[in-house]
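# A structural walkthrough
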Amino acid sequence: MKQSLDLLLWYRLDWYVTASSRQTQIETAAKVYAFLQNYFIPFSLLFLMTIVTIIVHRRMNLDKTDQRKMELEDKTNDFLTDVIFLNYNHIEILAKIDQFNLEVVQNCPKIRSFVQKKILKIKQSIKDMNHDRIIFIYNTFGFDKETERMLKHGDWADKSEAFEHYTILDAKHKVLTIKPYLSSNNDFLRSNALIALISLSDQNFDILNDIDFEISKADEIKILNVIYEKEVPLPSNIEQWLMSANASTVSIAIKLAVRYQYGFSAEQLEHLLHHSNPMIRREIIKAIRDLKIDEVGNLLIELYKVETFLKNKLTILKTLRPDNKGIVLNFLKKNFFKETNTDLKFQLVSAIHMFDKKFFDQIVYENPQEQAMINQMLSHYEIAA
Amino acid sequence: MKSFREIKKYYNHAEFLNKDILIKSNNSRGVSVVAPAYNEGMTIVYNVKSLLSQEYPKFEIIIVNDGSTDDTMERLIAEFDLVKINFFYQQKVPSAAIRGHYKSTNPIYSKLLVVDKENAKSKADGVNAGINSAQYDLYICADVDCILRKDTIAMLVKPFIESKARVIAAGGAIRLSNSCEFREGMLYKSHFPKNFFARFQELEYIRAFLYGRMAWSRMNGLLLVSGALGIFDREIVIEVGGYKKECLGEDMELVTRMRKYMHEKKEDFRIVYLPESLCWTEGPSDRTIFLRQRVRWARGLIQSINMHRDMMLNPAYGITGMVVLPYFLLFEFAVPILEVIGLIVFIVDVMFFGVNYPFLITISVAVYFFYAFVTLVSVYMDQLIYKQYSNVKDMFTLIAMVFLEPILYHPINVYASLKGYYQFFTKKEKKWGEMTRQGFNKTE
């Protein structure tokens, strides 16, 4: 037995290596062993003890830290409420700020940052407050210089934060400072600059006239949010935007048009329905539906015949409305019989059902499966009706 | 390092599209939340109400009653005033026969759709029925017993809107709800689980979500978006044929297939992970259920790898074929086998050939310390980001678990993995099994 096992060992060891290689392996193993014993294990132990200490210390101090944060928050809230809302003159405010700096801030950068954020939050949250007073307090603390420093010397995240500060403080005089960042290669910086410029813009939002890059979906949502929050009348540039070469600008313009119940002209509708960008075509079809625009049945039918995007075709079917001459209904009926795509068929059933509830009573299908499918589609809509 | 940088990048970009803007916007993308339910009578009403309280402007909740044999359906009908409706159901992806669709007569629950279907012995089939019934382009696959944060939908939708490349799936961190306190469907206080298995699973989740998945997300190499909470591009899922009910690891298999499809289409895509605790789910708290879960996962893993072996080391499939699948084969599948082989070789050496004990102990200690360091770093990152546990004692327990895991918990996992592989290779009948629910710890 021992002989066979020895043979096994011999084969196991010599299958791969020659004698010299074996020696190298033994030396390497010894080096590894020494490294692990003398360096890796001691340092690992040290790291482990350090990280356990940090975790425990952090957690144990968390309650104290939270308590201190709450106290700081209370003091800061009391101070800011005092200086912002009570009738102090500038000299009194200066004195209050000096006292606050001495007693609370004490040159601590974290507390300064906390106070800065508080002021910005108050400015952002409360409308109809004394704008000049907030700016005075902000500048007296030296936060304007801090924001400038972030813009000049910070990374993209700092710069973006600086934009946000200017937006909150309504610093229109900083528009020219921010504008060059529209050409930045950093997508996030460019995006944040655009949103800041929109926010600081007057109610015409002229900045959108000249945008030549694609505006992302995220930015579109943010831009619309900014415009809605400003509660201004429909921007006068809307006609220019609807005809813009930049599809992103057109998309924003269409959404604004829907929001403000804008009356599209026939030329505009024709231009947009024939736009090369399928997303724009879809947007305008949805706009026609949302605004309940009549007398565009022919245009939609013509588009349906040449449209290649399924979602757009579905949107057209959802948008078609009854007309006096029955052109739309005839078109729907014709397509109903030819259409093989189930999604389109389902939508055609819905559209025809809206126009002529008795239409399907008159039809007999040769294929019982198709009959069953149509019946199921119809019953879906009957309950909805 | 990769996971740390991805987390840092995530928080630097967090305000890029504030979720509050999405919640207010009429232009947000619609989302269908699909939650299959099988014998969830005890908690179904509570869970559905929690799902309905999501803060998002455009969503629907689709509960798929997957042939429950208890009173799940009855409770739903009673509580939500459900009536059977005619619904044009298109079988875009395969699913078992549908008995009916139900909607509420109460306008408060207008976002709720209940699908009653035959049981096909697979959660995958339930989700497929939900996908077929969904009206929106994005769907979230969630376990019905999960508690979601109120802004879960908004957070999961964000990558789809922010990313230039097409995002086809996204996931978030999942935590265990065992021992946590909930009020009105929301997390009130987080405690470290008291149960033996739940404790180690919590640790495992911290390490997996913060370390593993964030690193894979950075490399765009995610192969797994958890079935408990994941958001998917419905169009792509339908194109690839939906979930396969014969797979036990249906979530991983679907994502693999989606990746394969996108590589074949040569279209740029991303699968993203968010380092946000968005979902709390009840973990198995007894040995039988725990082992069943782990055996199923192991079996699912080898099943997925086997089904897509044509992608392995195939440059046509980019990072998926060249890095991700080989990683899963060598470091996920093979490791339990190698561990057991190593143990056998050790025993044979002890018995017949002799062992260099100092060297063995040194290597073992080095590996143990390395593992502990990696896990403790994840625990530290977890504390930094989430400030998770409400008392100090929980923290000490968690740290103790870190050191006990390789000795107490890991061998059970290895056993479960090997059992799963054995069942796969011997083609044993697949079973999901039932999860015994404790329910959520609701405070008065």
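Along the backbone of chain B there are 13 helices and 13 strands. Each of the 444 residues in chain B was classed as buried or not, and the buried ones make up 59%. At a minimum sequence separation of 6, the contacts of chain B that also span at least 24 residues come to 80%. As displayed, chain B has an accessible area near 18200 Å², and 58% of this comes from carbon and sulfur atoms.

Helix and strand counts for chain A come out as 19 helices and zero strands. In summary, chain A has a C-alpha radius of gyration of 35 Å against a globular reference of 21 Å for 385 residues, an excess of more than 25%. If you line up chain A on its principal axes, its C-alpha atoms span 100 × 90 × 40 Å. Per-residue burial over chain A gives 44% buried out of 385 residues. Contacts in chain A between residues far apart in sequence, at least 24 positions, make up 62% of those at least 6 positions apart. A total of about 22300 Å² of accessible surface is found on chain A, and carbon and sulfur atoms cover 54% of it. Across chain A, 49 positive and 50 negative side-chain charges occur, with their mean positions spaced 4 Å apart.

Turning to the side chain of Glu253 of chain B, a few remarks are in order. Inspection of the secondary structure puts Glu253 of chain B in helix 9 (residues 250-265). Residues within four places of Glu253 of chain B in sequence aside, it is in contact with Lys244, Cys247, Ser304, Met307 and His308 of chain B.

Glancing now at the pattern of salt bridges. Within this structure, the stated rule accounts for 38 salt bridges over all chains. We note a salt bridge from Arg149 of chain A to Glu146 of chain A, for which the minimum N-O separation is 3.1 Å. With Arg149 of chain A and Glu146 of chain A both in helix 6 (residues 143-153), this residue pair falls three residues apart, about one helical turn. Note that Asp187 of chain A is salt-bridged to Lys164 of chain B, the shortest N-O span being 2.8 Å. A residue pair is termed interchain when its members come from two chains, as with Asp187 of chain A in helix 9 (residues 187-200) and Lys164 of chain B in the loop between helix 6 (152-162) and strand 8 (166-176). Exposure remark for Lys164 of chain B: the relative accessible area of 70% places this residue in the exposed category. Among the ionic contacts, a cluster of salt bridges with common partners joins Arg166, Asp233, Glu235, Lys265 and Glu267 of chain B.

Quick look at helix 3 (residues 44-52) of chain B now. Across the nine residues of helix 3 of chain B, eight count as buried, placing the element largely inside the fold. For helix 3 of chain B, the complete set of buried residues consists of Ile44, Val45, Tyr46, Asn47, Val48, Ser50, Leu51 and Leu52 of chain B.

A separate point is the environment of Arg112 of chain A. Residue and element names in this part refer to chain A. Structurally, the position occupied by Arg112 is in helix 4 (residues 109-125). Sequence spacing of Arg112 and Phe143 is 31 residues, and the spatial spacing of their C-alpha atoms is 8.6 Å. Beyond its immediate sequence surroundings of up to four residues, Arg112 is in contact with Val105, Phe141, Gly142 and Phe143.

On to the packing of helix 7 (residues 196-218) of chain B against helix 10 (residues 287-307) of chain B. Helix 10 of chain B packs onto helix 7 of chain B with a crossing angle of 35° between their chain directions and a minimal axis gap of 11 Å. Listed contacts from helix 10 of chain B to Phe197, Gln201, Glu204 and Tyr205 of chain B of helix 7 of chain B are Arg287, Phe290, Gln293, Arg294 and Trp297 of chain B.

Residue and element names in this part refer to chain B. Burial runs high along strand 6 (residues 138-142): five of the five residues are buried. The alternating pattern of strand 6 places Leu138, Ile140 and Ala142 and Tyr139 and Cys141 on opposite faces, both of which are buried. Two elements, strand 1 (residues 31-37) and strand 6, share four bridges in a ladder whose sense is parallel. Among the inter-strand pairings, Val31 is bridged to a residue of strand 6, identified as Leu138. The sheet contact formed by strand 6 and strand 11 (residues 229-233) spans five bridges and is antiparallel. Looking across to strand 11, one finds that Cys141 is bridged to Gly230.

Attention now goes to the sheet that holds strand 6 of chain B. All names here are of chain B. Strand order in this open sheet of 10 strands is 3-4-5-2-1-6-11-8-12-7, and the pairing throughout is mixed. Whereas interior strands pair on both sides, the edge strands pair on one side only; in this sheet they are strand 3 (82-85) and strand 7 (147-148). This element, helix 9, spans strand 6, strand 8, strand 11 and strand 12 (269-281) of the sheet and lies at about 160° to strand 12.

Right, let's get into the interface of chain B and chain A. Chain B puts 49 residues into the contact, and the matching count from chain A is 48 residues. Regarding the contact of chain B and chain A, the summed buried area is about 4400 Å², with carbon and sulfur atoms giving 72% of it. Mapped onto the side of chain B that touches chain A, the elements with two or more residues apiece are helix 2 (19-24), helix 6, helix 11 (318-353), helix 12 (357-386) and helix 13 (392-425) of chain B. Looking at the side of chain B that touches chain A element by element, the count peaks at 16 residues for helix 12 of chain B. For the side of chain B that touches chain A, the residue count by class is 31 nonpolar, 10 polar and eight charged.

To continue, consider helix 4 (residues 72-80) of chain B. Given 3.6 residues to a turn, an α-helix orients residues that are three or four positions apart in the same direction. Residue and element names in this part refer to chain B. Of the residues making up helix 4, those classed as buried are Thr72, Met73, Leu76 and Phe80. Buried positions in helix 4, seen along its axis, are confined to an arc of 95° and lie on one side of it. Elements in contact with the buried residues of helix 4: helix 3, strand 2 (59-66), strand 3, strand 4 (98-104) and strand 5 (112-117). The positive-phi residue at the C-terminal boundary of helix 4 is Asp81, with phi of around 50°.

Ile63, Leu112, Tyr139 and Phe232 of chain B are the most contacted members of the largest nonpolar core, which has 133 residues in total. Considering every element that reaches this core, the biggest residue donor is helix 7 of chain B, with 10 residues. Beyond its immediate sequence surroundings of up to four residues, Leu112 of chain B is in contact with Val48, Leu52, Ile61, Ile63, Phe80, Leu82, Tyr102 and Lys103 of chain B. With 80 residues, the next largest nonpolar core counts Phe163, Tyr181, Val296 and Ala351 of chain A among its residues.

This next bit is on the packing of aromatic side chains. Any two aromatic rings considered together are summarised by their centre-to-centre distance and by the angle between their planes. Summed over the entire model, instances satisfying the criterion amount to 36 aromatic pairs over all chains. Judged by centre distance (6.4 Å) and plane angle (80°), the ring pair of Phe232 of chain B and Tyr243 of chain B falls under edge-to-face. Here Phe232 of chain B, found in strand 11, pairs with Tyr243 of chain B, found in the loop between helix 8 (234-239) and helix 9; they are 11 residues apart in sequence, far enough to count as distant. Overall, the relative accessible area of 4% leaves Tyr243 of chain B in the buried class. Here the aromatic residues Phe79, Phe100, Tyr138, Phe141 and Phe143 of chain A are joined through ring pairs into a cluster of three or more.

All names here are of chain B. Phi is positive for Lys121, close to 60°, though the residue is something other than glycine. Of note, Lys121 is situated in the loop between strand 5 and helix 5 (123-133). A positive phi angle, close to 55°, is found at Asn220, a residue other than glycine. Within the secondary structure, Asn220 is located in the loop between helix 7 and strand 11.

Moving on to the confidence of the model for chain B. Predicted confidence across chain B gives a mean pLDDT of 86, with 89% of residues reaching 70 or more. ipTM for the predicted complex: 0.79, alongside a pTM of 0.85.

Before going further, it helps to spend a moment on a negative patch on the surface. Residue and element names in this part refer to chain A. On the surface, a cluster of negative charge is made up of Asp202, Asp206, Asp210 and Asp212. Assignment of secondary structure puts Asp210 in the loop between helix 9 and helix 10 (217-230). For Asp210, a relative accessible area of 60% gives the class exposed.

Residue and element names in this part refer to chain A. Across the interface, helix 3 (residues 90-105) lies against helix 5 (residues 131-140) with an axial gap of 11 Å and an inter-helix angle of 40°. Looking at the two axes, helix 3 sits oblique to helix 5. Read as a crossing pair, helix 3 and helix 5 show a hand that is right-handed. Listed contacts from helix 5 to His90, Ile93, Leu94 and Ile97 of helix 3 are Arg133, Phe136, Ile137 and Thr140.

Calculation notes
- Residues numbered from 1 in each chain as written.
- Chains lettered and ligands numbered in written order.
- Predicted model: local features only at pLDDT ≥ 70, side-chain atom pairs only at ≥ 80, totals over all residues.
- Heavy atoms only, no water.
- Helix = DSSP H or I, 4+ residues; strand = E, 2+ residues; numbered from the N terminus.
- Buried < 20%, exposed > 50% of the residue type's maximum accessible area, 1.4 Å probe, protein only.
- Contact = heavy atoms within 4.5 Å.
- Areas by Shrake-Rupley, 256 points an atom, 1.4 Å probe, with all protein chains shown as cover.
- Rg over C-alpha atoms; globule rule 2.2 N^0.38 Å.
- Lys, Arg positive; Asp, Glu negative; His and termini not counted.
- Charge placed at Lys NZ, Arg CZ, Asp CG, Glu CD.
- Salt bridge = Lys/Arg side-chain N within 4 Å of Asp/Glu carboxyl O.
- Axes fitted to C-alpha atoms, helices over the stretch in contact; angles between N-to-C directions.
- Pairing = 2+ DSSP bridges.
- Buried area = accessible area lost by both parts, 1.4 Å probe.
- Nonpolar A, V, L, I, M, F, W, Y, C, P; charged D, E, K, R; others polar.
- Arc of directions from axis to C-beta.
- Core = buried A, V, L, I, M, F, W, Y, C linked by side-chain atoms within 4.5 Å.
- Phe/Tyr/Trp six-rings, centres within 6.5 Å; stacked < 30°, edge-to-face > 60°.
- pLDDT = per-residue confidence, 0-100.
- Patch = residues over 30% accessible without salt bridge, like charges linked within 9 Å, V, L, I, M, F, W, Y side chains within 5 Å.
- Parallel < 35°, antiparallel > 145°, perpendicular 65-115°, else oblique.
- Left-handed = near helix turned anticlockwise from the far one by under 90°.

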